[in-house]
Structures are given as C-alpha cells and as structure tokens.
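Chain by chain, the residues run as shown.
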Amino acid sequence: TQSDPFAPPTRARVILPKQRMNLPPDTYSNKLQSIATSDFLLRRLYQACREMGADNSLRGGGGWKSPKGGDIQILQPTQHVLEQSAVQIAKGQGDVIVQLTINLPARGRTVLGAE
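Residues numbered from 1 in each chain as written. Predicted model: local features only at pLDDT ≥ 70, side-chain atom pairs only at ≥ 80, totals over all residues. Heavy atoms only, no water.

Novice: Looking at this structure, how should I read the overall build of the chain?
Specialist: Of regular secondary structure, the chain possesses two helices and seven strands. When the elements of the chain are put in sequence order from the N terminus, they spell out β-α-α-β-β-β-β-β-β. When contacts within the chain are restricted to residue pairs at least 6 apart in sequence, long-range pairs at least 24 apart make up 68% of them. Taken as a whole, the chain presents about 7800 Å² of accessible surface, with 54% of it coming from carbon and sulfur. (Helix = DSSP H or I, 4+ residues; strand = E, 2+ residues; numbered from the N terminus. Contact = heavy atoms within 4.5 Å. Areas by Shrake-Rupley, 256 points an atom, 1.4 Å probe, with all protein chains shown as cover.)

Novice: It is not clear to me how the pattern of salt bridges should be interpreted in this structure. Could you clarify?
Specialist: Opposite charge on two side chains permits pairing when their charged atoms draw close. Tallied over the entire structure, the rule returns two salt bridges. Ionic pairing is found between Lys 31 and Glu 83, a salt bridge with its closest N-O pair at 3.7 Å. Separated by 52 residues along the polypeptide, Lys 31 in helix H2 (residues 31-52) and Glu 83 in the loop between strand S3 (71-73) and strand S4 (87-89) bring together distant segments of the chain. Considered together, Lys 31 and Glu 83 belong to a single accessibility category, that of exposed residues. The residue Arg 43 makes a salt bridge to Asp 39 at a minimum N-O spacing of 2.5 Å. Note that Arg 43 and Asp 39 are positioned in helix H2 at a spacing of four residues, about one turn of the helix. Under the relative-accessibility criterion, Arg 43 is labelled partly exposed at 28%. (Salt bridge = Lys/Arg side-chain N within 4 Å of Asp/Glu carboxyl O. Buried < 20%, exposed > 50% of the residue type's maximum accessible area, 1.4 Å probe, protein only.)

Novice: Any chance you could explain the nonpolar core here in plain terms?
Specialist: Side chains of nonpolar character tend, in soluble globular proteins, to be buried together. In this structure, Leu 23, Ile 74, Val 87, Val 96 and Val 98 are the most contacted members of the largest nonpolar core, which totals 13 residues. Those elements giving two or more residues to this core turn out to be H2, S4 and strand S5 (96-103). Among residues more than four places away in sequence, those in contact with Ile 74 are Leu 42, Leu 45, Tyr 46, Ala 86, Val 87, Val 98, Gln 99 and Leu 100. (Core = buried A, V, L, I, M, F, W, Y, C linked by side-chain atoms within 4.5 Å.)

Novice: When you look at H2 in this model, what are you seeing that I'm missing?
Specialist: Because an α-helix completes one turn every 3.6 residues, residues spaced three or four positions apart along the sequence face the same direction. Across its 22 residues, H2 extends 31 Å between first and last C-alpha, which sits within 8% of the 32 Å expected from 1.5 Å per residue. If you check which residues of H2 are buried, you get Ser 34, Ile 35, Thr 37, Ser 38, Asp 39, Leu 41, Leu 42, Tyr 46 and Cys 49. Where H2 is buried, its residues meet helix H1 (18-21), S3, S4 and S5. Where H2 starts, the residue carrying a side-chain oxygen 3.1 Å from the main-chain nitrogen of Leu 32 turns out to be Asn 30. After H2 finishes, the residue Gly 53 shows a positive phi value of roughly 80 degrees. (Expected span 1.5 Å × (residues − 1). Polar contact = N/O pair within 3.5 Å; in protein donor to acceptor, adjacent residues only side chain to side chain.)

Novice: Would you mind going over the side chain of Asp 95 with me for this structure?
Specialist: Tracing the backbone through its elements, the reader meets Asp 95 in the loop between S4 and S5. Buried and unpaired, Asp 95 has no salt bridge, with Lys 18 as the nearest side chain of opposite charge at 7.4 Å. A distance of 2.7 Å separates the side chain of Asp 95 from the backbone nitrogen of Lys 18, its partner in a polar contact. (Lys, Arg positive; Asp, Glu negative; His and termini not counted.)

Novice: How should I be thinking about the environment of Asp 55 in this particular structure?
Specialist: In this structure, Asp 55 sits in the loop between H2 and strand S2 (67-68). Note: C-alpha distance between Asp 55 and Ile 72 (17 residues apart in sequence) is 5.0 Å. In contact with Asp 55, not counting residues within four places along its chain, are Cys 49, Arg 50, Asp 71, Ile 72 and Gln 73.

Novice: Honestly, the environment of Cys 49 in this entry has me stumped. Any pointers?
Specialist: Along the polypeptide, Cys 49 turns up in helix H2. On a C-alpha basis, the gap between Cys 49 and Gln 73 in space is 8.1 Å, while along the polypeptide they are 24 residues apart.

Next comes the structure, spelled out in structure tokens:
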C-alpha cells in the first residue's frame, strides 16, 4: 500500500491466469518461446500505457496542494529481445506475471483513491 503520497511508488505484481490470457501452449513451451512471448507482451503493455496516457503523472499547477502521481510505470523495452522480470510467463503453467509500479494520485499528504 502507499499510505503516504510522498512515499516511493507502489510496486505491484499482477498474476493473470492462464485461462484469462488464453495463450497457445507453444508460445511458452520452452524457455526461448517464453522469453519471446514475454517480450512481445511487455512491448504491447508498454505501448498501451503510453497510448492511454497511463504513464503520465497528474499535472497540477505545482506546489503542495495540486494533484500529483496517478501514473503507471513498466520497464521500457529495448531493441533486443531479452529475458526480463517485468513480464514473465510462469514456467510450465502459462500464467502471465506482470511487475510494475503505480504512483497513486495524491493531493498534499492525502492519497486520492477515487481518482
């Protein structure tokens, strides 16, 4: 939890069940396929966050009482396909594990939970 808006962003781990993701088994049947599929999912998630503006903080007028935070950050993909921890497929299970940071929106020392 992020009880103090001046605390570092909340680190979150989201586990998406195999049934929800509906990935073909051959996309994670071995380590190489799993890394490639994880990289693809990371790229799509990163792009979706940018397109939705989820990677942008609330921009108030600055100062103590203006809104801050409200952004979601995930590892920016590189031009290489690498094994990374931001998006992984659970070995042999097909569950997708996503790790990201969420900077909860706040005003002053109050987290704006409904924003």
